[in-house]
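For reference, the chains in residue letters:
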Amino acid sequence: MADYPFTPISDYGLNPLLSGDTTTNQHSAFQAALNNAYAAGLRALWIPGGKYNYEGLINNPGVSLHAEPGSVTIHIISSTGGNCRINHNSLTDITYYGINFISDKTPATSKNDAQETDIVLRFASGRDIAILDCEFRNNFGAPILIRSVSNSLVKNCYVEGCYKDSIHITGTSENAVIQDCHVVNGGDDGIAIVGYMVGSGTLGSPKNSKIINCQVDGVKFARGIALVGADGAQVINCRVNGIIPARFNPVPGRFALCGLYIHSEYVVEEGVHKYTSHANKNILVDGIVIENCGARNLPALRVGSSASTVRVSENITILNPIIKNSASHHISITGGIKTNLKDIKILGGLFDNNLDVNGVLGQPGNGFLPGIEIWDATDLYIEGTLIDIATSGVVVHNTVADRLKLKFDMARIGHRPKTDDPEDKSPGRRLVLAEGNEPDLLDLDLDVNVLEQAYVTTFTQPFFLEHSIYWPHTLSRVSKLTLTHDTEDIAVIRTDGNPSIPVTLGANSEWTNELPYPVLFRVFGGTVSKIETYYPASNGYTGGGSKQPKPGRVQGYFNLNPGQTIKVTNTSLPTVTYRLISY
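Since the structure is predicted, the reported quantities are computational estimates derived from the model, not experimental observations. For every chain, the first residue of the written sequence is number 1, and numbering continues from 1 onward in sequence order. Local features in a predicted model are, by the rule used here, given only for residues with pLDDT of at least 70; side-chain atom pairs are given and counted only at 80 or more, and totals for whole chains, interfaces and linings are based on all residues. With hydrogens and water set aside, each side-chain value is computed from the structure's full complement of heavy atoms.

J.: An account of the overall build of the protein chain is needed here, citing residue identities and associated values.
T.: Each helix is a run of H or I in the DSSP string that is no shorter than four residues. Each strand is a run of E no shorter than two, and both are numbered from the N terminus. Along the protein chain, the regular secondary structure elements total 2 helices and 54 strands. The buried share of the protein chain, reckoned over its 583 residues, is 56%. Of the contacts formed within the protein chain by residues at least 6 apart in sequence, a portion of 75% connects residues at least 24 apart. In the structure as shown, the protein chain presents an accessible area of about 22100 Å², 49% of it carried by carbon and sulfur atoms. Burial classes: relative accessible area under 20% of the type maximum marks a residue as buried, over 50% as exposed, and values in between as partly exposed (1.4 Å probe, protein chains only). In this analysis, two residues are considered to be in contact whenever any of their non-hydrogen atoms come within 4.5 Å of each other. Note on areas: Shrake-Rupley with a 1.4 Å probe; residue coverage comes only from the protein chains shown.

J.: Tell me about the packing of aromatic side chains, and please be specific about residues and values.
T.: Stacked, tilted and edge-to-face are the three classes assigned to paired rings of Phe, Tyr and Trp, where Trp is represented by its six-membered ring and a pair needs centres within 6.5 Å; plane angles under 30 degrees give stacked, over 60 edge-to-face, the rest tilted. Going through the model one piece at a time under the given rule, you end up with 5 aromatic pairs. With centroids separated by 6.4 Å and ring planes inclined at 55°, the aromatic side chains of tyrosine 96 and phenylalanine 101 adopt a geometry described as tilted. Comparing tyrosine 96 with phenylalanine 101, the two get one shared label, buried. Measuring from centroid to centroid gives 5.1 Å for tyrosine 196 and tyrosine 275, while their planes differ by 80°, and the two rings are edge-to-face. In this pair, tyrosine 196 is assigned in strand β20 (residues 196-198) and tyrosine 275 in strand β28 (residues 272-277), connecting sequence segments 79 residues apart. The pair formed by tyrosine 196 and tyrosine 275 is uniform in burial state, with each residue classed as buried. In this structure an aromatic cluster arises from ring pairing among Tyr96, Phe101, Phe123 and Phe136. We call a charge positioned over a ring when the NZ of a Lys or the CZ of an Arg lies within 6 Å of the ring centre and within 35 degrees of the ring normal. The ring centre of tyrosine 261 lies 4.0 Å from the NZ or CZ of arginine 223, which sits over that ring. Between lysine 405 and the ring centre of tyrosine 381, over which it is positioned, the NZ or CZ distance is 4.8 Å.

J.: Would you mind going over the sheet that holds β20 in detail, with residue names and values included?
T.: One open sheet accounts for 3 strands, arranged β20-β28-β27; its pairing is antiparallel. The open sheet has two edge strands with one neighbour each: β20 and β27 (266-269). The mean angle between the axes of side-by-side strands here comes to 30°, regardless of whether they run parallel or antiparallel. Paired strands are those between which DSSP finds at least two bridges. Alignment of β27 against β28, held across 4 bridges, turns out to be antiparallel. Bridged to tyrosine 266 within β28 is threonine 276. Only the contacting stretch of a helix is used when fitting its axis, a line to C-alpha atoms as for every element, and angles between N-to-C directions run 0 to 180 degrees.

J.: Account for the pairing of strand β14 (residues 150-155), naming residues and giving values.
T.: Bridge count between strand β11 (residues 127-132) and β14: 5 bridges; the pairing is parallel. Across the sheet, residue isoleucine 131 finds its bridge partner in β14, namely valine 154. With 5 bridges joining them, β14 and strand β17 (residues 174-179) adopt parallel strand pairing. Within the sheet, the bridge partner assigned to lysine 155 lies in β17 and is glutamine 179.

J.: Would you mind going over the pattern of salt bridges in detail, with residue names and values included?
T.: Salt bridge, as applied in this entry: a Lys or Arg side-chain nitrogen positioned within 4 Å of an Asp or Glu carboxyl oxygen. Counted by the stated rule, this structure contains 9 salt bridges. With a shortest N-O distance of 2.6 Å, arginine 239 and glutamate 291 are connected by a salt bridge. Linking arginine 239 in strand β25 (residues 239-241) with glutamate 291 in strand β30 (residues 289-291), this pair joins segments that are 52 residues apart in sequence. A residue is classified by how much of its surface remains accessible, and arginine 239, at 35% relative accessible area, is partly exposed.

J.: I'd like to hear about unusual backbone geometry, residue by residue, with values.
T.: The phi angle of most residues is negative, glycine excepted, and most peptide bonds adopt the trans form. Residues other than glycine seldom take positive phi values, yet asparagine 138 does so here, at roughly 55°. Structurally, the position occupied by asparagine 138 is in the loop between β12 (135-137) and β13 (144-147). Although it is not a glycine, aspartate 379 adopts a positive phi angle of roughly 60°.

J.: Go over the environment of threonine 565, please, and point to the residues and values.
T.: When you line up the elements, threonine 565 lands in strand β53 (residues 565-570). In the structure, threonine 565 is positioned 31 residues away from tyrosine 534 in sequence and 5.3 Å away in space, judged by C-alpha atoms.

J.: Kindly report on the pairing of strand β23 (residues 223-228), identifying the contributing residues and their values.
T.: Side-chain direction in a regular strand flips from residue to residue, so the side chains alternate between the two faces of the sheet. Among the 6 residues of β23, 6 are classified as buried, and the element is accordingly described as predominantly covered. Where strand β19 (residues 189-194) meets β23, 5 bridges bridge the pair, whose relative direction is parallel. Along β23, the bridge assignment pairs isoleucine 191 with isoleucine 225. Pairing analysis gives 3 bridges linking β23 to strand β26 (residues 260-263), with the strands arranged parallel. Bridged to isoleucine 225 within β26 is leucine 260.

J.: Outline helix α1 (residues 27-39), supporting the account with residue identities and numerical values.
T.: For α1, spanning 13 residues, the distance from its first C-alpha to its last is 18 Å, which sits close to the expected 18 Å at 1.5 Å a residue. For α1, the complete set of buried residues consists of Phe30, Gln31, Ala33, Leu34 and Ala37. With its buried residues spanning 160° around the axis, α1 presents them on a single face. Opposite its buried face, α1 presents the exposed residues Ser28 and Ala39, each directed more than 90 degrees away. Residues of α1 that are buried in the fold lie against β2 (44-46), β4 (58-59), β5 (64-66) and β6 (72-76). Helix span is expected to be 1.5 Å times the residue number reduced by one. Here the arc refers to the set of directions running from the helix axis out to each C-beta atom.

J.: Any details on the side chain of aspartate 21? Residues and values, ideally.
T.: Along the chain, aspartate 21 falls in the loop between β1 (7-8) and α1. Within the structure, the side chain of aspartate 21 is placed 2.6 Å from the side chain of threonine 24, a separation counted as a polar contact. Sequence-distant contacts of aspartate 21, that is, excluding residues within four places in its chain, are made with Lys51 and Asn53. Under this definition, polar contacts are N or O atom pairs within 3.5 Å; protein pairs additionally need one hydrogen-donor-capable and one acceptor-capable atom, and for neighbouring residues in sequence, both atoms have to be side-chain atoms.

J.: Go over the environment of alanine 67 with me, naming the residues and quoting the values.
T.: Structurally, the position occupied by alanine 67 is in the loop between β5 and β6. Measuring from C-alpha to C-alpha, the distance between alanine 67 and phenylalanine 6 comes to 9.9 Å, with 61 residues separating the pair along the chain. Sequence-distant contacts of alanine 67, that is, excluding residues within four places in its chain, are made with Trp46, Ile47, Val72, Tyr97, Gly98 and Ile99.

J.: Before we move on, can you summarise the side chain of aspartate 118 with the specific residues and values?
T.: Tracing the chain through its elements places aspartate 118 in the loop between β9 (99-103) and β10 (121-124). Asp and Glu count as negative and Lys and Arg as positive, but His and the ends of the chain are not part of the count. Notably, aspartate 118 is buried but unbridged: the nearest opposite-charge side chain belongs to lysine 164, and the N-O separation is 8.7 Å. In this structure the side chain of aspartate 118 is engaged in a polar contact, spanning 2.6 Å, whose partner is the backbone nitrogen of asparagine 83.

J.: Tell me about the environment of asparagine 175, and name the residues and values.
T.: Its place among the elements puts asparagine 175 in strand β17. For asparagine 175, a relative accessible area of 34% translates into the label partly exposed. Sequence spacing of asparagine 175 and leucine 153 is 22 residues, and the spatial spacing of their C-alpha atoms is 8.6 Å.

Next up, the structure:
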């Protein structure tokens, strides 16, 4: 250590304590060492290995602190793990390297009790700061707060058990990089980039922030990664696992809320306006993995804009997301009003399993939610693969604005039974459902490839696409609907209506017309060996007819009277493609 290029802090009066000392407060010695070293012209100090204690506010005049990683522990000895801030105001070229900031206390259980004095490292204004290879454990407030700083780097840091945002970038910060960091049992948000327009702290929107190769394992209150009022932020190759490790959790396996939250906010608490954020703009997310999130009916991934925020969130691109085992929706798109959210792309996604997490380990989740829920947006394009979805694959609600494009491979949609009977195919299972009380679904371009069996029963017959209110009017505005169905099922297209409605029939299965009027069907299939229409004997009718199948896929038209059954038998996989054009 003698050849380390920095002067030891012990030369200025701060020495390590005995390992068992939990009460000595070295606050005054810490502050004096920084002040005296700075006055002597030093801008960096070496901290010898050992244990140090402090409680209270320390103002760093402009001295970097370095240690051998893992050798130095600075204990916060307050009863809460708070009242521990090291302050940095308008400083340049400051580095913290290899230091552990740890409290042995269990922080209080309410995040709202934490104050700015409970932040460990707080930077306000300034430029060129770095926090490298540091650890933060059981801190009451935010371990790292960077406000209105240019060129900051937080790298290879570990944060565990705090009660506010673990790493928080805000104000007019520019070019912040958070890289190779790991948050475990975070507080509010694991990693947050937040820009306030009205109300809280220094106003401004952080620009060009990057979160790279970071992992969040569980948060107590809110989101794994949050972008709220960011401009030009990037989230690259990150992972959020919503399960809080058992050693922190009285209910082992508890899910976090949102894994990734890209949303502007207008927040009112107890009737009082607290803050309004800026909109999110020019956001790129690439390669994120989100697992075990979505408690309390909140989505694993949420993209949105508050109805009370007049700024428009736009140009948000999410590439190659993998979202698994959600306790709620995989994705929710919520614009507040349809003009507040535009130019959103989610491409190359894999959205797998929101089936088996209802009520898991005490969670108030709802296991009967759709995979993707869309409320209000303009110029929205989502494409990916949906697998093992509890109810509907995609739900599009009212007041969706122009230019909505959805392209999916789907497998096992509506797969979760509502009873213990695995054959239960209860209502509420659609590949795509458009609903609401306004006929305002415009320019919907929908392309779905069904990879495996989809249970899509609605009332007495299976629907592929339904609009619950005003649906004939709304669907007349659909520009294109394409379905490719490649399973062991026969597809029967009901053609007596506008638009046509597809019905899927399993191999060697049948469907009875329970409507009070005749319907006309067009049958598609692979090698269809037999097509029959008849009245079931249970209805007091016999007879009917059959038709010799034609070679090829399209098997012709069949009229089915009320009470009559159609039965289609096949011996190979069919492929069905049909398109709904605007009427």
